[in-house]
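# Architecture at a glance
Below are the chains, spelled out letter by letter.
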Amino acid sequence: YFIERKRQDSIKLKEKNIITTAINNLSSEERTSHNEWQEATNRCKELEKQWKNIGRLNTKFNKLAWQKLRDSLNIFYKSKNTFYKQKKKNNQQTLDNKLTICKKAENLQNCTNWQATTKELIRLQEEWKNSGFSPARQSNKLWKRFKIACDTFFDSRKAFYKENEKEKEALLKELKELKSSSDSK
């Protein structure tokens, strides 16, 4: 009986070690997105459930097996935690960059140096576009501020040039009405 029990425990221990190794392999893979981490977490939970379904071992081996499992899970979840902390830090940096861009645009919205300000606002729009992703919930307010600042400037510029165009047309009309004199001077 005891020899058979030891043999079964040995088989169970090997199976548990294989599962622990699989969890370690999950920990060592590089993941760059939330969805990848969700899939890995689901796989890890599956493996843990399989590990538990194998059953108990004798006291000595059971303690060792549990310790290996806990260590593997701790490494996995520590990696996951590190990823999300870094992601949060990157999101905050992106939001800070967008806030800076927004403030620059707001400072330029009432400028009348049309050419230089147009170039600068177009550069800021490109900078915004390349600043990276941040959660919509947080960046929508900044986007609205930025868009209002840009729209304010470009609407003012358009109105100025439209008024300027009317003045030029009036001047041309006035010139057409002038009659040339016989005196060339």
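In what follows, the structure referred to is the one given above.
Throughout what follows, the structure given in this document is the object of discussion. (Residues numbered from 1 in each chain as written. Predicted model: local features only at pLDDT ≥ 70, side-chain atom pairs only at ≥ 80, totals over all residues. Heavy atoms only, no water.)

Where helix H3 (residues 59–108) contacts helix H4 (residues 114–130), the two axes come as close as 10 Å, and the packing angle between them is 165 degrees. Between H3 and H4, the interaxial angle falls into the category roughly antiparallel. The handedness of the crossing between H3 and H4 is left-handed. Where H3 approaches H4, its residues Lys-98, Ile-101, Lys-104, Ala-105 and Leu-108 are matched on the opposing element by Thr-117, Glu-120, Leu-121, Leu-124, Glu-127 and Trp-128. For the contact of H3 with H4, a count of residues per class yields six nonpolar, one polar and four charged. (Axes fitted to C-alpha atoms, helices over the stretch in contact; angles between N-to-C directions. Helix = DSSP H or I, 4+ residues; strand = E, 2+ residues; numbered from the N terminus. Parallel < 35°, antiparallel > 145°, perpendicular 65-115°, else oblique. Left-handed = near helix turned anticlockwise from the far one by under 90°. Contact = heavy atoms within 4.5 Å. Nonpolar A, V, L, I, M, F, W, Y, C, P; charged D, E, K, R; others polar.)

This part covers the side chain of Ser-27. Looking at where Ser-27 falls in the secondary structure, it is placed in helix H1 (residues 2–28). Relative accessible area serves as the criterion here: at 10%, Ser-27 is assigned to the buried category. Among the polar contacts listed, one links the side chain of Ser-27 to the backbone nitrogen of Phe-76, at a separation of 3.3 Å. Excluding its chain neighbours within four sequence positions, the residues that come into contact with Ser-27 are Ser-72, Ile-75, Phe-76 and Ser-79. (Buried < 20%, exposed > 50% of the residue type's maximum accessible area, 1.4 Å probe, protein only. Polar contact = N/O pair within 3.5 Å; in protein donor to acceptor, adjacent residues only side chain to side chain.)

Treat this as a map of the structure, not an account of what it does.
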